[in-house]
Amino acid sequence: MRPKSSLGQNFLKNPGIAEKIVAFSGVEQGDTVLEIGPGKGALTGALLKSASRVVAVEKDDELFGLLKNRFSDEPAFTLVHGDVLDLDINPLVSPETKVVANLPYNIATRVVLRLAEVTTPPASVVVMVQKEVAGRICAPVGHSEYSALTVLLSAVFLCDPGFVVGPKNFFPEPKVDSRVIRLVPRQNPLPPSERDAYRQVVLCSFAQRRKMLRNSLLGLPGITKQGLSDLARQAGIGLEKRPQNLSWEEYARLGRIYRQIITP
Ligand code: SAM
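Residues numbered from 1 in each chain as written. Predicted model: local features only at pLDDT ≥ 70, side-chain atom pairs only at ≥ 80, totals over all residues. Heavy atoms only, no water.

Peer 1: Can you explain the site of the ligand? Please cite residues and give values.
Peer 2: Around the ligand sit 23 residues, and of these L12, G37, E58, D83 and N102 come closest. P38 places a polar main-chain atom, nitrogen or oxygen, 3.4 Å from a nitrogen atom of the ligand. Between the ligand and N102 there is a distance of 2.8 Å, counted from an oxygen atom to a side-chain nitrogen or oxygen. For the ligand, whose accessible area on its own is 590 Å², the fraction buried by protein is 98%. Judged by the fraction of its atoms near the pocket grid, the ligand is located in the largest pocket. If you list the elements that add at least two residues to the shell around the ligand, you get β1 (11-12) and β3 (53-58). (Near = heavy atom within 4 Å. Polar contact = N/O pair within 3.5 Å; in protein donor to acceptor, adjacent residues only side chain to side chain. Areas by Shrake-Rupley, 256 points an atom, 1.4 Å probe, with all protein chains shown as cover. 1 Å grid on protein atoms, 1.4 Å probe; cavity = no way out; pocket = protein on both sides within 12 Å on 5 of 7 lines; lining within 4 Å. Sits in = over half its atoms within 2 Å of the grid points. Helix = DSSP H or I, 4+ residues; strand = E, 2+ residues; numbered from the N terminus.)

Structural data, given as structure tokens:
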């Protein structure tokens, strides 16, 4: 079959990398793994050697058939046919689940954000993404790659930047390097009830990343100049700051107080 670039199909051809990913994920007997985009099964096969159960979600019709055949004798394998972005993934993810995937580049950030939005986050998320996307996910405060993506994920996960994988390990070869990263849930993540206001404040701040908060946060629905001064004072944050200089905890404070201000 011809690899479909529309589905981000770059298949791992180096079994050593699949084994390195499994070792980095810490998957062991007793674990249930959720794999997103199993493709032809390069990573799936390695996962089945270590885990007790592997649930995989594949969108491609042809690959679905191929995987069904390849792993027909594997009672530990469950294959779901569907688009991971359309599925309700809550039933597939519990605090014991380990997510391991070589993600399609074109949807990688959306998938990782969805994993941060599930009701109870998985035990860990080990994913291969474009190196540049990994840089944005794992960037420290103040770094040029620190972005809305960094802050949204930081409210739930800590990031380990893992290791780089070069293009020659895939067929077809992508044009860029990849990186395998690991996300583990924080001990004290942002409570789900605070997520909406948090997201609003973060997205509004980074919509104009070079501007000071005094300008960008005026874009928040229902906020006046006076309301913004009150918000900043109560949160203890200077409005001359720019979005890349605030920690996720500072955004959490802004979100919490913003919610109080606009809730009648
Ligand atoms: N895991 C395999 C490997 O490492 O060789 C394949 C990885 S390939 C980068 C991405 C896989 O995700 C492909 O099999 C592709 O068909 C699948 N895929 C793309 N979009 C998807 C979606 N929305 N939902 C589920 N699977 C998807």
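Peer 1: Let's hear about the pairing of strand β6 (residues 124-130): which residues, and what values?
Peer 2: With six of seven residues buried, β6 is to be regarded as a mostly interior element. The pairing of strand β5 (residues 98-102) with β6 spans five bridges and is parallel. Each residue of the ladder has a partner; that of V100, found in β6, is V126. What joins β5 to β6 is helix α4 (residues 108-117), and the crossover it makes is right-handed. (Buried < 20%, exposed > 50% of the residue type's maximum accessible area, 1.4 Å probe, protein only. Pairing = 2+ DSSP bridges. Right-handed = clockwise from strand over helix to strand, strands pointing away.)

Peer 1: Mind laying out the layout of surface pockets, listing which residues take part and the relevant values?
Peer 2: Of the volumes computed, that of the largest pocket is approximately 540 Å³. Lining the largest pocket we find 34 residues, and of these L7, G8, G37, E58 and P104 sit closest to its centre. Secondary structure elements with two or more residues in the lining of the largest pocket: β1, β2 (32-36), α2 (42-50), β3 and β8 (170-171). (Points joined across faces, edges and corners; volume = space filled by probe spheres on them.)

Peer 1: Tell me about the sheet that holds strand β4 (residues 77-81), residues and numbers included.
Peer 2: Overall, mixed pairing links the seven strands, which are arranged β4-β3-β2-β5-β6-β9-β7 in an open sheet. Edge positions in the open sheet fall to β4 and β7 (157-165), since each of these has one partner strand only. When strand polarity is set aside, the average angle formed by the axes of neighbouring strands in this sheet is 20°. Contacts between helix α1 (residues 15-25) and the sheet are confined to β5, β6, β7 and β9 (178-185), with β7 contributing the most and set at about 160° to the helix. Its contacts with the sheet place α4 against β2, β5, β6, β7 and β9, and it is angled at close to 165° to β6. (Axes fitted to C-alpha atoms, helices over the stretch in contact; angles between N-to-C directions. Contact = heavy atoms within 4.5 Å.)

Peer 1: Describe the packing of aromatic side chains, and please don't skip the residues or the numbers.
Peer 2: Under the definition given, this model contains four aromatic pairs. Ring centres of F71 and F77 lie 5.0 Å apart, and the angle between their planes is 55°; this geometry places the pair in the tilted category. You'll find F71 and F77 in the same group, each marked buried. By way of ring pairs, the aromatic residues Y146, F206 and Y251 are connected into one cluster. When the ring centre of F163 is taken as reference, the NZ or CZ atom of K20 above it lies at 4.3 Å. Positioned above the aromatic ring of F24 is the side chain of R182, whose terminal nitrogen or guanidinium carbon lies 4.1 Å from the ring centre. (Phe/Tyr/Trp six-rings, centres within 6.5 Å; stacked < 30°, edge-to-face > 60°. Lys NZ or Arg CZ within 6 Å of the ring centre and 35° of its normal.)

Peer 1: Residues and numbers for the environment of S52, please.
Peer 2: Mapped onto the secondary structure, S52 falls in the loop between α2 and β3. Residue class for S52 comes out partly exposed when judged on its relative accessible area of 33%. Taking C-alpha positions, S52 is 8.2 Å from V33, a pair spaced 19 residues apart along the chain. Apart from residues no more than four positions distant in its own chain, S52 is found in contact with E28, Q29, G30, D31 and A76. At a separation of 3.3 Å, a polar atom in the side chain of S52 contacts the side chain of Q29. Only 2.6 Å separates the side chain of S52 from the backbone nitrogen of G30, close enough to count as a polar contact.

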